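Structure assessment
Single-letter residue listing:
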Amino acid sequence: ETPPDVRLQVRNLRKSFGGVVAVDDMSFAVEAGTITGLIGPNGAGKSTTFDCITGAHEPDGGTVRFNGEDITGLRPDQIASRGLVRTFQIARELPEMTVLENLMLAPPDQVGERLWRSVVPGARRGVVEQERALRDRVWETLEFFEIDHLARQEAGALSGGQRKLLEMARAMMTDPDLLLLDEPLAGVNPTLEEKLLDRIHDLRDQGYTFLIVEHDMDVIMDHCEHVIVMHQGSLLAEGPPAEIRSNERVIDAYLGE
Ligand code: ADP
Ligand code: MG
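Residues numbered from 1 in each chain as written. Chains lettered and ligands numbered in written order. Predicted model: local features only at pLDDT ≥ 70, side-chain atom pairs only at ≥ 80, totals over all residues.

As recorded by an unreviewed UniProt entry, the protein chain carries the name Probable branched-chain amino acid transport ATP-binding protein LivG and is attributed to Halopenitus persicus. Entered under Function (unreviewed entry) in the UniProt record, the comment concerning the protein chain runs "Probable component of a branched-chain amino-acid transport system." Under Sequence similarities (unreviewed entry), UniProt gives the following word-for-word description of the protein chain: "Belongs to the ABC transporter superfamily." (UniProt positions renumbered as here; feature names shortened; annotations may be inferred.)

Here it is, written out as structure tokens:
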């Protein structure tokens, strides 16, 4: 019953922590091939929604469907292996490893079979061939994100913006069907911010789908075709950016922070 152009469908999602209701009957959908924004004031429940979608938290209620399949309550690795991959608000690179090594390893809970399937399509091949394919894929990805010159640097020594690029590069190694980005622009300087947004656009043009959480609505507004606004755990509004920007309930919610 999920239309084929819908990648992600969240219905009546609920999650509480003790007495705190973080997500309260949240419903929305993400269409394939779009950059969709999920915005809302601090504490609105955006990260918790991500955590419920990606299996980090088990929701108290509601359903999450991905590519038409019910993935509610699956483990993070099971969800990632289906092609739903996330980045974190706080980048989770391996700081004592180089940028190159970080990509060779990719996110441990997200690799599994999928990385190999995306790097070495088709039948199994020899180990040497697999390693060569992985290496090619790593360098291609480093070049795409323009961090190839940092390949031999320790990831922990990168700037905030470079770490965000690395984090996205790691996620892209798995060739995801849907990429969830939690505050990808937080702590990123304007030059790298533009680079990151350009890369997201390029990937969207290639057919990738994005759901981006952002607290500051102005930064991503112009880059999304569809914006979903959360407030106090629920859907406050959704629509095209121009409509959302002038929505009084949205303006009020942000003023009330
Ligand atoms: P956002 O990402 O929109 O800023 P969050 O999803 O992080 O919002 O938080 C929503 C609400 O849930 C907040 O009131 C927050 O304090 C609470 N919350 C989030 N995670 C936890 C947790 N692990 N334990 C207790 N409360 C939490
Ligand atoms: Mg958050």
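Turning our eyes to something else, we now look at the overall build of the protein chain. The helix and strand inventory of the protein chain stands at 10 helices and 10 strands. Pairs at least 24 residues apart make up 68% of the contacts formed inside the protein chain by residues separated by at least 6 positions. (Helix = DSSP H or I, 4+ residues; strand = E, 2+ residues; numbered from the N terminus. Contact = placed C-beta atoms within 7 Å.)

Here we come to the nonpolar core. Ranked by size, the top nonpolar core spans 55 residues in total, and within it I147, A169, L178, L211 and I212 carry the most contacts. Ranked by the residues each element gives to this core, the list is headed by helix 6 (residues 160-172), at 6 residues. Discounting residues that sit within four places of it in the chain, L211 has contacts with L8, V30, T36, L38, L178 and L180. (Core = buried A, V, L, I, M, F, W, Y, C linked by C-beta atoms within 7 Å. Buried ≥ 20, exposed ≤ 12 C-beta atoms within 10 Å, placed from the backbone.)

One non-glycine residue, D25, adopts positive backbone phi at about 60 degrees. By the element assignment, D25 lies in strand 2 (residues 20-31).

We now examine the sheet that holds strand 9 (residues 226-231). Strand pairing in a sheet relies on backbone hydrogen bonds. The paired strands run either parallel or antiparallel. Taken together, 6 strands build an open sheet; the order of strands is 6-7-8-3-9-10 and the sheet is mixed. Two strands in the sheet have a free side with no partner beyond their single neighbour: strand 6 (84-86) and strand 10 (234-239). Taken over all neighbouring pairs, the strand axes of this sheet differ in orientation by 20 degrees on average, direction set aside. As paired elements, strand 3 (residues 35-39) and strand 8 (residues 209-214) share 5 bridges and run parallel to each other. Bridge assignment links G37 to a residue of strand 8, and that residue is I212. With respect to the sheet, helix 10 (residues 248-255) is in contact with strand 9 and strand 10, its orientation differing from that of strand 10 by roughly 130 degrees. (Pairing = 2+ DSSP bridges. Axes fitted to C-alpha atoms, helices over the stretch in contact; angles between N-to-C directions.)

With that out of the way, let us pick up the site of ligand 1. For ligand 1, the full set of nearby residues is F17, V20, A22, G40, N42, G43, A44, G45, K46, S47 and T48. If you list the elements that add at least two residues to the shell around ligand 1, you get strand 2 and helix 1 (46-54). In terms of residues, the shell around ligand 1 owes the most to one element, helix 1, which gives 3 residues. (Near = placed C-beta within 6 Å.)

Quick look at the sheet that holds strand 5 (residues 69-70) now. The sheet built from 4 strands is open, its strands ordered 2-1-4-5 with antiparallel pairing. Looking along the sheet, the strands with just one partner apiece sit at the ends: strand 2 and strand 5.

Attention shifts here to helix 1. Burial analysis of helix 1 places 9 of its 9 residues in the buried class, the great majority of the element. Within helix 1, the full set of buried residues consists of K46, S47, T48, T49, F50, D51, C52, I53 and T54. A positive phi of about 90 degrees marks G55, the residue just after helix 1.

Here strand 3 lies mainly inside the structure; 5 of its 5 residues are buried. Residues I35, G37 and I39 line one face of strand 3 and the alternating positions T36 and L38 line the opposite face, and both faces are buried.

This part takes up the environment of P190. The residue P190 is located in helix 7 (residues 190-205) in this model. With 9 C-beta atoms counted inside 10 Å, the residue P190 sits in the exposed group. For P190 and G161, which are 29 residues apart along the polypeptide, the C-alpha to C-alpha distance reads 9.2 Å.

All right, on to helix 5 (residues 127-144) then. Compared with an ideal rise of 1.5 Å per residue, which puts 18 residues at 26 Å, helix 5 spans 26 Å between its outermost C-alpha atoms and is within 8% of the ideal. E146 lies just past helix 5 and shows a positive phi near 55 degrees. (Expected span 1.5 Å × (residues − 1).)

Relative to strand 4 (residues 61-66), strand 1 (residues 6-17) runs antiparallel, the two being bridged by 5 bridges. When the sheet's bridge partners are listed, R11 is paired in strand 4 with T63. Here strand 4 pairs with strand 5 via 2 bridges, running antiparallel. Paired with F66 across the bridge in strand 5 is E69. Between strand 4 and strand 5, which follow one another and run antiparallel, lie 2 residues, and N67 among them has a positive phi close to 50 degrees.

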